[in-house]
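So the chains spell out like this:
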Amino acid sequence: MATQKKGKEKDKEKDKKEMGMKEKAKIVKEAISKLAKKSPEKPKLTGSAKLRLAGLQAKLVGSAKEKFEKLKDTSEIPVSKEIVNQVIGQEPGVEVIKKAASQRRHVFLIGEPGTGKSMLGLALAELLPKEKLVDIIAFPNPNDENQPLIRTVPAGEGRDLIAKAKIESMGMFKNQNIFMFLLAILAMIAPWWVRSYYKSDIMFAAFFIGGMMFLAAFVIFINLGKRGISGKETSVPKTVVDNFKKDQAPFLDATGAHAGALLGDVLHDPFQSGGLGTPAHERVVAGMIHKANKGVLFIDEMATLQPHTQQELLSALQEKKYAITGQSERSAGAMVRTEAVPCDFVLVAAGNLETIKHMHPALRSRITGYGYEIYMNETIKDTPENRWKIAVFVAQEVAKDGKIPHFSKSAVERIVEEARRRANRKNHLTLRLRDLGGLVRAAGDIAKEKGAALVTKEHVLEAKKIARSLEQQIADKFIERKKEYEVIITEGKIVGRVNGLAVIGGEASYSGIILPIESQVTPGGKEKEFVATGKLGEIAKEAVKNVSAIIKKYFGEDIQKYDVYVQFLQTYEGVEGDSASIAVATSIISALKNIPVKQNTAMTGSLSVRGEVLPVGGVTAKVEAAIEAGIKRILVPKSNLQDIIIDEDKVKKIEIVPVETISEVLKEALDWKGKAEVLKTIEDANGK
């Protein structure tokens, strides 16, 4: 026990030291930023200050690395209960959220799905200063029944007020109800007494029918007793917004809400006349803007709201109050309009870059003028400190799920590797953590199914096969069918045919596919141009045309004599981007000079008009697709080499050749037997 206590004390002291180092590093960084603001030049630090800052940063990195090395499983990682501390990799956004919470500012979040926008919204609600919440009550208006009165009372008192009003209302009808109940009993007994007294069935029938009519009237009286005998409404109010026993600022997610749910509504009344209708104040329904009073209203995909709804939302933001009226023109509620209802909320609007184009400009201006705009990070640098953050994320997901076991160190390392692969950027880790969380839960489910105490690396690898995206499944079917009908050829040598590579799906989830490209050069043509066939996007068409500059550079004298046709075989899925431009150039040169292309080789890369091979996206997915298709060699831009992150067992199946110029591509991809003079011409032209 003594040794355990000593160990805990040492851990506490170690944590304190690490926190101290972080605080010192933060102070030094703040000092530097202040110096930078005061002077337009870069702040000049003394030698000792530089050494001190470098030493603090090294200790922080060393601390994270040491933690990761000593980690046994994620049960050792503490998970913060505060949402703001659970946000991973969005430190600039967290700082802005803290400022917005302290000053009650609006926030506009732009970024890809799954990067933590909703978590920042929840964090803002959590950090908002505790204000006194109120209940909002609707009262009947004695002067105008179509304009209910609105009043506020401290949170929790609304229910008491309604209960007292109901008791008073019931007292008004108590004596009437007793009297009517006695008359009802009399109406049931009277027919039998009349029959026994007068010995007449006619008298019995008359009194029986009269009694039934009286009972029917009695039932109507009980059900519509709120209006009383006089037909006037009672004074029982209605709680529109109830904050009973709520001590934290409300958080309302209004994503996809229609106008009525967002702005409030007045229900339709089928009994509109004859004194039988429901009082207007009882048909009032609060919108999310009213329920979010003194709290946070979160709206994702802001541009999906109708323009007029965005305009009304702008009015609510400006006035901090908004009257409730019927949203349907044909409804009886359209004639009802309450007094202004309080809606003093903080708006957290979210979306992607397309949202900016379709968002109401005045609404965005209002948010910007009275708040902040944040662009969410999509990746973070691959450092020991950030790898530790991914480990913390795994621990958080396990804690949130509550049904899966903790992850071993090897499993965490595999998740970090997957974060590196999905980043699609060299030396970075992805922050699309929702997708990564799906892999964590899938691996946990497999471990749970097998009765394992911890999730291991093998469980994560198995989960990757099961929890594949739709794009990956479609790509597998694509390759399987194209190979079956020999649309994709991976052996031999063919003139004018190249195995290009492309991706399907968006940035958040995509998969590689093989893209066969064929070219044909016809002499004596009239068009004297490049004709591309296939379902191509504008960028892909432009990329094909740009290849002509390379062809003219090498074979300028001959190219005017030909028409060049390029076909992207069976591109029903569509092709966009210029990542196949080196494949197009290779295909055309092969057809022009009748030089066969090695079919066991695939390639990807963008081509500049000067013959340089430029980097492209999705290289890892493209390499994996080439392996699945049976390709033996793949040419990739040299600058993309560090972006390729695949399993060791897969790497052994393929040769990856980095290239920098089109001449290198041609040298590797074409079979130059008997065509050495053409290769020399290309190399000479490239050297000029």
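Up top is the structure these notes are about.
Remember, it's a predicted structure, so these values are computed and weren't measured experimentally.

Definitions and cut-offs
- Residues numbered from 1 in each chain as written.
- Predicted model: local features only at pLDDT ≥ 70, side-chain atom pairs only at ≥ 80, totals over all residues.
- Heavy atoms only, no water.
- Core = buried A, V, L, I, M, F, W, Y, C linked by side-chain atoms within 4.5 Å.
- Buried < 20%, exposed > 50% of the residue type's maximum accessible area, 1.4 Å probe, protein only.
- Helix = DSSP H or I, 4+ residues; strand = E, 2+ residues; numbered from the N terminus.
- Contact = heavy atoms within 4.5 Å.
- Pairing = 2+ DSSP bridges.
- Axes fitted to C-alpha atoms, helices over the stretch in contact; angles between N-to-C directions.
- Polar contact = N/O pair within 3.5 Å; in protein donor to acceptor, adjacent residues only side chain to side chain.
- Salt bridge = Lys/Arg side-chain N within 4 Å of Asp/Glu carboxyl O.

Draft legend 1. Here's a closer look at the nonpolar core. Counting residues in each nonpolar core, the largest one holds 41 residues, and the members touching the most others are I517, F555, M603, I662, V665 and W672. Contributions of two or more residues to this core are made by strand 16 (497–505), strand 17 (510–523), helix 17 (538–555), strand 19 (562–568), helix 18 (581–593), strand 25 (655–659), helix 21 (662–669) and helix 22 (676–687). With 8 residues, the single largest contributor to this core is helix 18. Discounting chain neighbours no more than four positions away, the residues touching I662 are I550, Y554, I582, A585, T586, L607, G611 and V613. Ranked by size, the runner-up nonpolar core spans 34 residues in total, among them L71, V398, I404 and V416.

Draft legend 2. Spotlight on the pairing of strand 1 (residues 106–110). Counted residue by residue, strand 1 has 5 buried out of 5 residues, so it is predominantly covered. Where burial is concerned, the two faces of strand 1 agree: the one with H106, F108 and I110 and the one with V107 and L109 are both buried. Where strand 1 lies against strand 12 (residues 371–375), 5 bridges are found, and the strand directions are parallel. Bridge pairing in strand 12 places L109 opposite I374. Of the pairings in the sheet, the one linking strand 1 to strand 11 (residues 346–351) comprises 4 bridges and is parallel in character. What sits directly across from F108, in strand 11, is A349.

Draft legend 3. Summary view of the sheet that holds strand 3 (residues 149–154). One open sheet holds the 3 strands; their spatial order is 3-2-4, and the pairing between them is antiparallel. The sheet is open, and its two edges are formed by strand 3 and strand 4 (238–241), each paired on a single side. Strand-to-strand twist across the sheet, computed as the mean angle between neighbouring axes with direction ignored, equals 40°. Inspection of the sheet shows strand 2 (residues 134–139) paired to strand 4 by 3 bridges, in the antiparallel sense. Note on strand 4: the bridge partner recorded for I137 is T239.

Draft legend 4. Quick peek at the side chain of Q90. As for its placement among the helices and strands, Q90 is situated in the loop between helix 2 (47–70) and helix 3 (91–103). With relative accessibility at 3%, the residue Q90 sits in the buried group. Of note is the side chain of Q90, whose polar atom sits 3.3 Å from the backbone oxygen of T115. Separated by 2.8 Å, the side chain of Q90 and the backbone oxygen of N377 make a polar contact. Here Q90 is in contact with T115, M376, N377 and L431, once residues within four sequence places are set aside.

Draft legend 5. Up close: helix 19 (residues 619–629). Burial runs high along helix 19: 10 of the 11 residues are buried. V619, T620, A621, K622, V623, E624, A625, A626, I627 and A629 are the residues of helix 19 that are buried. Where helix 19 terminates, the next one or two residues include G630, which has phi positive at roughly 95°.

Draft legend 6. Quick look at the pattern of salt bridges. Following the criterion strictly, the structure yields 26 salt bridges and no others. R420 is the salt-bridge partner of D382, the closest N and O atoms lying 2.6 Å from each other. Placement of D382 in the loop between strand 13 (379–381) and helix 12 (384–401) and of R420 in helix 13 (residues 409–423) is noted, with a sequence separation of 38 residues between them. Side by side, D382 and R420 carry an identical accessibility label, which is buried. Between E462 and K450 there is a salt bridge whose closest N-O contact spans 2.7 Å. With E462 in helix 15 (residues 457–466) and K450 in the loop between helix 14 (433–449) and helix 15, the pair connects residues that are 12 residues apart, well separated along the chain. Residue classification places E462 among the partly exposed residues on the basis of a relative accessible area of 30%. Among the residues examined, K450 registers a relative accessible area of 52% and is labelled exposed. Through salt bridges with shared partners, a single ionic network connects E418, R421, R422, K464 and E624.

None of this, on its own, says anything about what the molecule does.
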